[in-house]
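Okay, here's what each chain looks like letter by letter:
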Amino acid sequence: MFTDKVRIFVRGGNGGAGCMSFRREAHVPMGGPDGGDGGHGGNVIVQADASLSSLIEYRFKHHFKANRGTHGKGSKMHGATGEDLILKVPVGTVVREYFEESKETGEQIADLTHDGERVTVARGGLGGRGNIHFVTSTRRAPAFAELGEPGEEGWIELEMKLMADCALVGMPSAGKSSLIAKMSAARPKIADYPFTTLVPNLGVATSGDYSFVIADVPGLIEGAHEGRGLGHEFLRHIERTALIVHVVDLTGDWEGRDPLNDYEIIKNELALYKDELANRPRMIVANKIDSCWDEELIKKLEERVKADSIAAAGGDEWADSPFDPKLYKISALTGEGVDSLKAAIATKVHALREEAKAAAAATAVSYDQIWEYKREKADARFKVVKLERGVFRVIGGKIERIIVQTDWNNEEAITYLQHRLKRLGVDKALERAGAVDGDEIRIVGRSFEFEGSSNVAEDVYDELYDYEPEPFVEVFGDDELPFDEESYTRVYDIYDDEDDSEE
């Protein structure tokens, strides 16, 4: 089964908890702290694999979770890191954010166009630090450690776009499937009715010392760029092809269509779908020459092809054009002209490959580094939201993780948390948002009573709320909440071993 678009839920492994332990040995009085760190959770990684040709593995299974890190132990024994979960996808897969609630796609994460290329889509949680990390000159025996951090989670969209050197495009029943069967070992379904081909077919053609991958794309109709006739489902597979081979049916098929009009329709549909397709290298093939004896029609088509080639070259007849000025006349049924067409495609594809190699070497991309930078930048931001008078919520990835990693049954750990939040500027941001002593502060699933660095009089409450916040802090009023407060809940069950199996 051919599957080229799926949406899956991914979750990194939770980090293991740090250990609170002290050295206990005979004849060693007052042993110091020796609690080990928890292991980091495994990452969820999407990796391109040239041996795959479809996303069928993700058609029925939609939830994937990496392994968790193990907890730290005494004697400075650190927990093991959870194993990464590698999800293999076909070469040519685009990875995007997906928001399940709104059913919308977000930012593109990666475009995996080479075998082995990978990107981390859900990081595992960091392991909690053991109490050996919290020794200071005044705190010689810290009796607390950090809990593990929950792994990242969320939905992503995987969209496969064929990685073919050239694509056969044209109206339904133009003879594209017959042509790919004649040029390669591919054996698509061939019949005398439109839309026989419903999914793209791939074939490998050889001519002399060159070989190339050719794709037979299902027939297009007028309005395909708007989605008519599953146009979007078919057109996206043309986006990656270096060369477009436009097949024109000279007979007009059983509908008696005008071949010249068909040529214009397909040309316009490609341009309307995406601007860059308008100038994509292109060859025009007149098929069914064995059944057409209208020399005037063929001559008019040749003139249009040459005129379009000159126009694509900026109006200069002698300049290089992305469009081949020659009209290739063939018969996919008898094989007439197919060998010369195949040789011309092979030569053009080889030249385009060399150009692409030079361009790729000059613009090498590391998706993990780019996406990691974006995540870290977004993670450092936090928002202060005024829910109602005397109630505020703090939202931010880094802040929320600190809350989750705190052991709430340990007073020392809570005191350490207060110092961390103050250093990160949370107290100052709350004061500037209008928080005063005694106000309720909510972070993730916890509620606190605010104790500011100074008492703020009630009569200047609103004045402080309108104060310009720090550049990295966003302050919202109660009439412009960026979320539904009642539905803002998160569950971090980091010690539930029964939840570690893949869903």
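Above: the structure in question.
Residues numbered from 1 in each chain as written. Predicted model: local features only at pLDDT ≥ 70, side-chain atom pairs only at ≥ 80, totals over all residues. Heavy atoms only, no water.

One can find Ser21 in the loop between β1 (5–11) and β2 (44–49). Not counting residues within four places of it along the chain, the set of residues in contact with Ser21 comprises Gly32, Pro33, Asp34, Gly35, Gly74 and Asn131. (Helix = DSSP H or I, 4+ residues; strand = E, 2+ residues; numbered from the N terminus. Contact = heavy atoms within 4.5 Å.)

Turning next to the environment of Ala311. Here Ala311 is to be found in helix α4 (residues 295–312). Measuring from C-alpha to C-alpha, the distance between Ala311 and Phe323 comes to 9.3 Å, with twelve residues separating the pair along the chain.

Before going further, it helps to spend a moment on the pairing of strand β16 (residues 391–395). Most of β16 sits inside the fold, with five of its five residues counted as buried. Here β16 shows two buried faces, one formed by Val391, Arg393 and Ile395 and the other by Phe392 and Val394. When strand β15 (residues 382–388) meets β16, the two strands line up antiparallel, connected through five bridges. Residue pairing in the sheet places Glu388 in a bridge with Val391 of β16. Pairing of β16 with strand β17 (residues 440–443), which is carried by three bridges, proceeds in the parallel orientation. If you follow Val391 over to β17, its bridge partner there is Glu440. (Buried < 20%, exposed > 50% of the residue type's maximum accessible area, 1.4 Å probe, protein only. Pairing = 2+ DSSP bridges.)

A separate point is a negative patch on the surface. There is a patch of like negative charges on the surface, built from Asp294, Glu295, Glu296 and Glu303. Mapped onto the secondary structure, Asp294 falls in the loop between β13 (282–287) and α4. Taking the relative accessible area as the measure of exposure, Asp294 reaches 39% and is therefore partly exposed. (Patch = residues over 30% accessible without salt bridge, like charges linked within 9 Å, V, L, I, M, F, W, Y side chains within 5 Å. Areas by Shrake-Rupley, 256 points an atom, 1.4 Å probe, with all protein chains shown as cover. Salt bridge = Lys/Arg side-chain N within 4 Å of Asp/Glu carboxyl O. Lys, Arg positive; Asp, Glu negative; His and termini not counted. Charge placed at Lys NZ, Arg CZ, Asp CG, Glu CD.)

In this section: the nonpolar core. Counting residues in each nonpolar core, the largest one holds 40 residues, and the members touching the most others are Ile8, Val46, Tyr58, Ile156, Leu158 and Ile238. Listing elements by their share of this core, those giving two or more residues are β1, β2, β4 (85–90), β6 (104–112), β7 (118–122), β8 (153–160), β9 (166–169) and α3 (259–273). Sort the elements by how many residues they give to this core and α3 lands first, with four residues. Apart from residues lying up to four places away in sequence, Ile8 is in contact with Tyr58, Lys61, His62, Phe64, Leu87, Gly154, Trp155, Ile156 and Leu158. (Core = buried A, V, L, I, M, F, W, Y, C linked by side-chain atoms within 4.5 Å.)

On to the packing of aromatic side chains. Tallying each qualifying case throughout the model produces six aromatic pairs. Between Phe134 and Tyr416 the ring centres are 5.0 Å apart and the planes differ by 70°, which places this aromatic pair in the edge-to-face class. Taken together, the residues span a long stretch of sequence, with Phe134 in the loop between β7 and β8 and Tyr416 in helix α8 (residues 411–423) at a distance of 282 residues. Looking at Tyr416, the relative accessible area reads 15%, which means it is buried. With centroids separated by 5.5 Å and ring planes inclined at 45°, the aromatic side chains of Trp408 and Phe448 adopt a geometry described as tilted. Residue Trp408 is located in the loop between α7 (397–404) and α8, and its partner Phe448 is located in strand β18 (residues 446–449); the two are separated by 40 residues in the primary sequence. Residue Phe448 is classed as partly exposed on the basis of its relative accessible area of 22%. An aromatic cluster of three or more residues is present, and its members are Phe134, Phe144 and Tyr416. (Phe/Tyr/Trp six-rings, centres within 6.5 Å; stacked < 30°, edge-to-face > 60°.)

This next bit is on empty space enclosed by the protein. Applying the stated criterion to the full structure yields three cavities of 30 Å³ or more. One number sums up the size of the largest cavity: a volume of about 80 Å³. Taken together, Phe134, Phe144, Ala145, Glu146, Ile402, Gln405, Thr406, Asp407, Ala413, Tyr416, Leu417 and Arg420 form the lining of the largest cavity. The dominant element in the lining of the largest cavity, judged by the number of residues it contributes, is α8, at four residues. When its residues are assigned to classes, the lining of the largest cavity shows seven nonpolar, two polar and three charged. Size it by volume and the second largest cavity reaches roughly 40 Å³. As for the second largest cavity, its lining consists of Tyr263, Arg282, Met283, Ile284, Val305, Asp308, Phe323 and Asp324. Of all the secondary-structure elements, those providing two or more residues to the lining of the second largest cavity are β13, α4 and β14 (323–329). (1 Å grid on protein atoms, 1.4 Å probe; cavity = no way out; pocket = protein on both sides within 12 Å on 5 of 7 lines; lining within 4 Å. Points joined across faces, edges and corners; volume = space filled by probe spheres on them. Nonpolar A, V, L, I, M, F, W, Y, C, P; charged D, E, K, R; others polar.)

Overall, mixed pairing links the three strands, which are arranged β4-β2-β7 in an open sheet. Whereas interior strands pair on both sides, the edge strands pair on one side only; in this sheet they are β4 and β7. Averaged over all adjacent pairs, the angle separating strand axes in this sheet is 30°, with direction ignored. Pairing of β2 with β7 involves four bridges; the strand directions are antiparallel. By the bridge assignment, Val46 is partnered in β7 with Val119. (Axes fitted to C-alpha atoms, helices over the stretch in contact; angles between N-to-C directions.)

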